[in-house]
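The residues making up each chain are set out below.
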Amino acid sequence: MSEPLTPATDPSADHTEVRRVADPGRTRVASYLADKDEVRKVLLLYSGGLDTSVMLKWIQDEYQAQVVALTVELGQPGEDYDEVTGKARTLGAVEAIVHDARQEFADEYLIPAIKANVNYGDGYPAFTSLGRPLIAKLACEYARRHGCDTIAHGCTGKGNDQVRIEATIATLAPELKVIAPVRSWAMGRDEEIAYAREHGIPVKNAPEGQPAPYSIDDNLWGRSSEGRWIEDLGHAPEDDVFQLVTRPEEAPDEPEIVTVTFEAGVPVALNGQRMEIVPLLEEAARLGCKHGVGILDHIEDRIVGLKVRDIYEVPAAAVILPAHKELERLVGTIHQNQFKPGLDQKWAYLVYAGLWWEPLRTDIQAYIEHVNLRVTGTIGMKLYKGSARVVTRESPNAVYDAQLATFSESGGLFAQDASPGFIELWSLQSRLAWRLANGKFDTGTGA
């Protein structure tokens, strides 16, 4: 059941005030959801965009509550945080805070993801999934610090982010309540714009008569775009969606070799130059963007049951992940290399599903960390017009011996004379099973 719609003026007027009100009689379906009467001070996860700006004003009006606006920086390009905080204060926030979480995001979330070769649904490097538990954790910390009783976010009821954020809050701060206005007020974008104009809230990128812009999310690890033609599966990507990665057709005509050096699974250098993790990821993204690397047109199975299409631009991940995976394969045994991908897949699923705090994830992480102790070396990646391909490999821990592998000598150090005995034993059960299946053995029937 949706919230009741209360028009304050004639619907035919040019500037109709459209307002969704909180319904105190609504059944609370989860213990952590806020009752209207218990909300006094709200920590709002604030981006400065339309949804959260409308939300900031709406919470004050509907709950008669104070609002603290928290913006978390995870490496979003081109943000003017002075403008974001100034807008929040203008709209009535009692405090407007920007928390630079880039280092923590890289150290505690992206490095584990690299070690796990993170990949959900055959391609998606889970960049939004990785950022949400950190954002929600910081929301809990700031809510407690500023005496808030409730946390509000701008997630819809159709997405995964509501799961990731609310599961984190319910886990780390069970005393706090949650408001999800976009989920409950059921406003469409046109209604939000009307509400914003009625209340003097600046609206970017939405001139009269123009289509709504893409819904964008980005951080150090990539960028996603949703909405408009992306929802039409028969519609090929339009050029204006690519605001991060150069279109492969326009990338340089000359390829570039980029070397990525790892120590214990952690990327530490590009092209021989040592860097801290944040600037390293930024430089990897720059190189990937230059060569059109990291574009992903992806059909995704969401946790809430929907199947959706997203356009991802993930240049840093497209350079770093295949390099790590190749180095890990080089230093691992055949048994490790067959076993670990299953754990990586489970790790990625738990993260995507909003279960960052699930003990199984940390259990799997313990094995991943142990394997990565040997993942030291350098991989050369050839970047060219949308592709990133491994071309060179080097590691002191490589399970590789050129003298054993060489074909230039008749034997080398490999005992070729032992191979026939190995083959006979290796194929024994398969040979016996084939004979049984093809009637080469007595079945016991006397035939």
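Residues numbered from 1 in each chain as written. Predicted model: local features only at pLDDT ≥ 70, side-chain atom pairs only at ≥ 80, totals over all residues. Heavy atoms only, no water.

1. Side note on the overall build of the protein
Summing up its helical and strand segments, the protein has 14 helices and 16 strands in all. Here the protein holds 447 residues, and 47% of them are scored as buried. Within the protein, counting contacts between residues at least 6 apart in sequence, those at least 24 apart form 71% of the total. As presented, the protein carries roughly 22,300 Å² of accessible surface, and 51% of it is formed by carbon and sulfur atoms. (Helix = DSSP H or I, 4+ residues; strand = E, 2+ residues; numbered from the N terminus. Buried < 20%, exposed > 50% of the residue type's maximum accessible area, 1.4 Å probe, protein only. Contact = heavy atoms within 4.5 Å. Areas by Shrake-Rupley, 256 points an atom, 1.4 Å probe, with all protein chains shown as cover.)

2. Here's the deal with a nonpolar patch on the surface
Taken together, Phe-422, Ile-423 and Trp-426 make up a surface patch of nonpolar side chains, about 410 Å² in accessible area. Among the secondary structure elements, Ile-423 is positioned in helix H13 (residues 419-426). (Patch = residues over 30% accessible without salt bridge, like charges linked within 9 Å, V, L, I, M, F, W, Y side chains within 5 Å. Salt bridge = Lys/Arg side-chain N within 4 Å of Asp/Glu carboxyl O.)

3. Side note on the sheet that holds strand S3 (residues 41-45)
On the basis of which strands lie adjacent, the open sheet formed by 5 strands has the order S5-S4-S3-S6-S7 and parallel pairing. At either margin of the open sheet sits one strand with a lone partner, and together these are strand S5 (95-100) and strand S7 (177-179). Within this sheet the neighbouring strands show an average axis-to-axis angle of 25 degrees, counted without direction. Bridging between S3 and strand S4 (residues 66-73) involves 5 bridges; their strand directions are parallel. Bridge pairing in S4 places Leu-43 opposite Val-68. (Pairing = 2+ DSSP bridges. Axes fitted to C-alpha atoms, helices over the stretch in contact; angles between N-to-C directions.)

4. A look at the packing of helix H3 (residues 102-115) against helix H8 (residues 277-290)
The contact between H3 and H8 brings their axes to 9 Å, and the two run at 80 degrees. It follows that H3 is roughly perpendicular to H8 by the angle criterion. Where H3 abuts H8, its residues Arg-102, Gln-103, Ala-106, Asp-107, Leu-110 and Ile-111 lie against Ile-277, Val-278, Leu-281 and Glu-282. (Parallel < 35°, antiparallel > 145°, perpendicular 65-115°, else oblique.)

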